[in-house]
Amino acid sequence: MNIFKTMQRKARKKSSCVIFAIVSINIIIVFLLQTNSSLRRTFENTFRYHLSLHSALDVHQPAGKYRTDQRTSISVDEFRAGGKTGNPLIDGYGRNNLSAPGEMGLAVRPREDEKDEVDKVMAEFHINTLVSDRIPLNRMVPDSRLKGCEDLVYRTEDLPSASVIIPFCINEQVCEDLVYRTEDLPSASVIIPFYDEWPSVLIRTIYSVINRSPRRNLQEILLVDDASTLKELKAPLDHYILREFPHGLVRIKRLQQRRGLTQARLVGSREAIGDVLIFFDSHMEVNIDWLPPLLTEISQDRRVVAMATLDYIQSDTFMYKFNVNYLTRYGWSWNLLFFETFFRRDQVSPDVLGHRK
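These numbers were taken from a predicted model, which means no experiment stands behind them. Each chain carries its own residue numbering, running from 1 in the written order of its sequence. Where totals are concerned, whole chains, interfaces and linings use all residues; where local detail is concerned, this predicted model gives features only for residues with pLDDT of at least 70, and gives and counts side-chain atom pairs only at 80 or more. Values shown for side chains rest on all heavy atoms present in the structure; no hydrogens or waters enter the calculation.

### What about the overall build of the protein?
For step 1, the next point in the chain: Per the convention used, a helix needs a DSSP run of H or I reaching at least four residues, while a strand needs a run of E reaching at least two, with both numbered from the N terminus. Secondary structure assignment for the protein yields 13 helices and 10 strands.
For step 2, the next point in the chain: Partly exposed residues are those whose accessible area sits between 20% and 50% of the maximum for their type, while under 20% is buried and over 50% is exposed, using a 1.4 Å probe and protein chains only. Counting only residues that meet the buried cut, the protein has 42% of its 357 residues in that class.
For step 3, the next point in the chain: Considering only contacts within the protein whose residues lie at least 6 apart along the sequence, 73% involve residues at least 24 apart. The contact definition used throughout considers only heavy atoms, calling two residues in contact when any of these lie within 4.5 Å.

Have a look at this one:
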């Protein structure tokens, strides 16, 4: 009898410990969920802006269940020939609503009551994801080229083989004669490695390349997923690409384990099929006519490594910033450190120097 009572007391004591442990775990879980609720809400609403435009991805469906009504799209060859994609963010680019937040590179300021939430996402992602999700995925940016470059002519019709290639537009008369034969330029594979990049930032990078590149020269955009953990970058991103972009234009190569930026770029270089390889970060927005000048330099000498001028996007407001008429050059030291410097006076035409004053 005493043994039985002792066993009962031990059983009650053991069950009490189990119940206490379960309750403690539940309290911890509830606390964690409450402290991260704002982050979770932001995370789950990543594609809300695009959803409001044309219901690209139904995030209200249970996990693994996605919309099956595919938008009528086209092949990459039809895209290069100038065909309509059925995606208004591509077909309607250039007719953007300029009053939308962040259009033309304007800053977007969060509300005062969002300060705590902004601080959390900035600490977690180092960019203001709240602002990114409010900015159009296909937003336009200001023309940051040197003054006069907007007069450059990029012609695709048949031209004499001795087309004039001049590095800088000096004056209106020179610009009238300046020609880039884009049909003679090589094709480009744009390789974009990413790891847990905020989805709206990554998607905006893709749209900027598609909307501001000559179609005939854009072979593909190759995304290399360096074993990301964000769920929106898995099946939802696959579905988005399949539904919204010309078939074959945007591809994803997924790595099974984290290998780092350099190895991810090397994987992309082996997978790419374009004549020229262009490596991007996953949080970029290209400017107007960014591609033909780079391809022109490479087509003249295949040993050339061409690099465009770098503008800046503010991480907190997504303001597009650049220095007006800023003529610079970049280089690498022998220990592979990147640096910025200036052209020597003998390397720049006097007309160009005078044009910048």
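### Focus: the confidence of the model for the protein
For step 1, the next point in the chain: With 68% of its residues at a pLDDT of 70 or more, the protein shows a mean pLDDT of 77.
For step 2, the next point in the chain: The predictor attaches a confidence to each residue, called pLDDT, with possible values from 0 through 100. Contacts for the low-pLDDT stretch residues 10–68, under 50 throughout, to residues beyond four places or in other chains number 67 contacts.
For step 3, the next point in the chain: Under a pLDDT of 50 for its full length, residues 156–177 has, in the predicted model, 39 contacts with residues more than four places off or in other chains.

### Remarks on the pairing of strand β4 (residues 218–225)
For step 1, the next point in the chain: The buried fraction of β4 amounts to eight of the eight residues, a majority that puts the element mostly inside the structure.
For step 2, the next point in the chain: Only strands joined by at least two bridges in the DSSP assignment are considered to pair. In this structure, strand β3 (residues 188–194) lies alongside β4, joined through seven bridges in parallel fashion. Residue Val-190 lies in a different strand from β4, and its bridge partner there is Ile-221.
For step 3, the next point in the chain: A crossover links β3 with its parallel partner β4, the connecting element being helix α9 (residues 199–211), and its sense is right-handed.
For step 4, the next point in the chain: Pairing between β4 and strand β5 (residues 250–254): five bridges, direction parallel. The residue bridging Leu-222 from the neighbouring strand is Arg-251, located in β5.
For step 5, the next point in the chain: Handedness of a crossover is defined as follows: with both strands directed away from the viewer, a clockwise route from the first strand across the helix to the second makes it right-handed. Once the chain exits β4 it traverses helix α10 (residues 235–244) before rejoining the sheet at β5, and the crossover so formed is right-handed.

### What about the environment of Arg-258?
For step 1, the next point in the chain: Inspection of the secondary structure puts Arg-258 in the loop between β5 and α11 (261–271).
For step 2, the next point in the chain: Taking the C-alpha atoms as reference, Arg-258 lies 8.9 Å from Asp-225; in sequence the two are 33 residues apart.
For step 3, the next point in the chain: Ignoring anything within four residues of it in the chain, the contact list for Arg-258 reads Tyr-195, Asp-226 and Ala-227.
For step 4, the next point in the chain: We define a polar contact as two N or O atoms separated by no more than 3.5 Å, with the added condition that, inside protein, one atom must be a possible hydrogen donor and the other a possible acceptor, whereas residues neighbouring each other in sequence contribute only through side-chain atom pairs. A polar side-chain atom of Arg-258 sits 3.1 Å from a polar atom in the side chain of Asp-226.

### Topic: the nonpolar core
For step 1, the next point in the chain: Among the buried residues, those of types Ala, Val, Leu, Ile, Met, Phe, Trp, Tyr and Cys that are joined through side-chain atoms within 4.5 Å form a nonpolar core. Judged by nonpolar contacts, the single largest core of 37 residues is most densely connected at Val-190, Ile-210, Ile-221, Leu-223, Phe-245, Val-250 and Trp-290.
For step 2, the next point in the chain: At the level of secondary structure, the elements contributing two or more residues to this core comprise α4 (76–80), α5 (88–91), β3, α9, β4, α10, β6 (276–279) and α12 (291–300).

### Topic: unusual backbone geometry
For step 1, the next point in the chain: Even without being glycine, Asp-196 reaches a positive phi, approximately 50°.
For step 2, the next point in the chain: Relative to the helices and strands, Asp-196 is located in the loop between β3 and α9.
For step 3, the next point in the chain: A relative accessible area of 18% places Asp-196 in the buried class.
For step 4, the next point in the chain: Its identity is not glycine, yet Phe-318 carries a phi of approximately 60°, on the positive side.
For step 5, the next point in the chain: When you line up the elements, Phe-318 lands in the loop between β7 (312–313) and β8 (320–321).

### Section: a nonpolar patch on the surface
For step 1, the next point in the chain: Two joining distances apply to patches: 9 Å for like charges and 5 Å for nonpolar side chains (Val, Leu, Ile, Met, Phe, Trp, Tyr), and every residue must have over 30% relative accessible area and no salt bridge. The method behind every accessible area is Shrake-Rupley, applied with a 1.4 Å probe, and residues are considered shielded solely by the protein chains displayed. The rule for a salt bridge is simple: a side-chain nitrogen of Lys or Arg has to be within 4 Å of a carboxyl oxygen of Asp or Glu. On the surface, Met-307, Leu-310, Trp-332, Leu-336 and Phe-338 cluster together into a nonpolar patch covering about 550 Å² of accessible area.
For step 2, the next point in the chain: Relative to the helices and strands, Phe-338 is located in strand β10 (residues 338–341).
For step 3, the next point in the chain: When its relative accessible area of 37% is taken as the criterion, Phe-338 is described as partly exposed.

### Notes on the packing of aromatic side chains
For step 1, the next point in the chain: Two rings belonging to Phe, Tyr or Trp (six-membered ring only in the last case) form a pair when the distance between their centres is within 6.5 Å. Interplanar angles under 30 degrees mark stacking, angles over 60 mark edge-to-face geometry, and anything in between is tilted. Taken as a whole, this structure holds eight aromatic pairs when the rule is applied.
For step 2, the next point in the chain: Put simply, the rings of Tyr-207, Tyr-240 and Phe-245 pair up and form one aromatic cluster.

### Examining the sheet that holds β3
For step 1, the next point in the chain: Across the sheet, which stays open at both edges, the four strands sit in the order β5-β4-β3-β6 with parallel pairing between neighbours. Unpaired on one side and paired on the other, β5 and β6 mark the two borders of the sheet. Within this sheet the neighbouring strands show an average axis-to-axis angle of 25°, counted without direction.
For step 2, the next point in the chain: Bridge analysis of β3 against β6 gives four bridges, and the strand direction is parallel. Counted as the bridge partner of Ala-188 is Val-276 from β6.
For step 3, the next point in the chain: Strands in contact with α9 are β3, β4 and β5; relative to β4, the strand with the most contacts, it is inclined by about 165°. Every axis in this analysis is a line fitted to C-alpha atoms, fitted for helices over the stretch in contact. Angles between the N-to-C directions lie between 0 and 180 degrees.

### Side note on the pattern of salt bridges
For step 1, the next point in the chain: This model, assessed by the stated rule, comprises 17 salt bridges.
For step 2, the next point in the chain: Between Arg-145 and Asp-143 there is a salt bridge, with the nearest N and O atoms lying 2.7 Å from each other.
For step 3, the next point in the chain: In this structure Asp-143 comes out as partly exposed when scored by relative accessible area, which is 29%.
For step 4, the next point in the chain: Among the ionic contacts, a cluster of salt bridges with common partners joins Arg-111, Asp-113, Glu-114 and Arg-134.

### Examining the packing of α9 against α10
For step 1, the next point in the chain: In the contact formed by α9 and α10, the axes pass within 12 Å of each other and the chain directions differ by 25°. Between α9 and α10, the angle is such that the two are roughly parallel. Judged by the sense of rotation from one axis to the other, the crossing of α9 with α10 is right-handed. Taking contact as the criterion, the partners of Leu-202, Ile-203 and Tyr-207 in α9 are, on α10, Leu-237, Tyr-240 and Glu-244.
For step 2, the next point in the chain: For this classification, the nonpolar set comprises Ala, Val, Leu, Ile, Met, Phe, Trp, Tyr, Cys and Pro, the charged set comprises Asp, Glu, Lys and Arg, and every other residue, Gly included, is treated as polar. Among the residues forming the contact of α9 with α10, the class breakdown is five nonpolar, no polar and one charged. In what follows, roughly perpendicular refers to angles from 65 to 115 degrees, roughly parallel to angles under 35, roughly antiparallel to angles over 145, and oblique to any angle outside these ranges. If you view the pair so one helix is near and one far, a crossing is left-handed when the near helix is turned anticlockwise from the far one by less than a right angle, and right-handed when it is turned clockwise.

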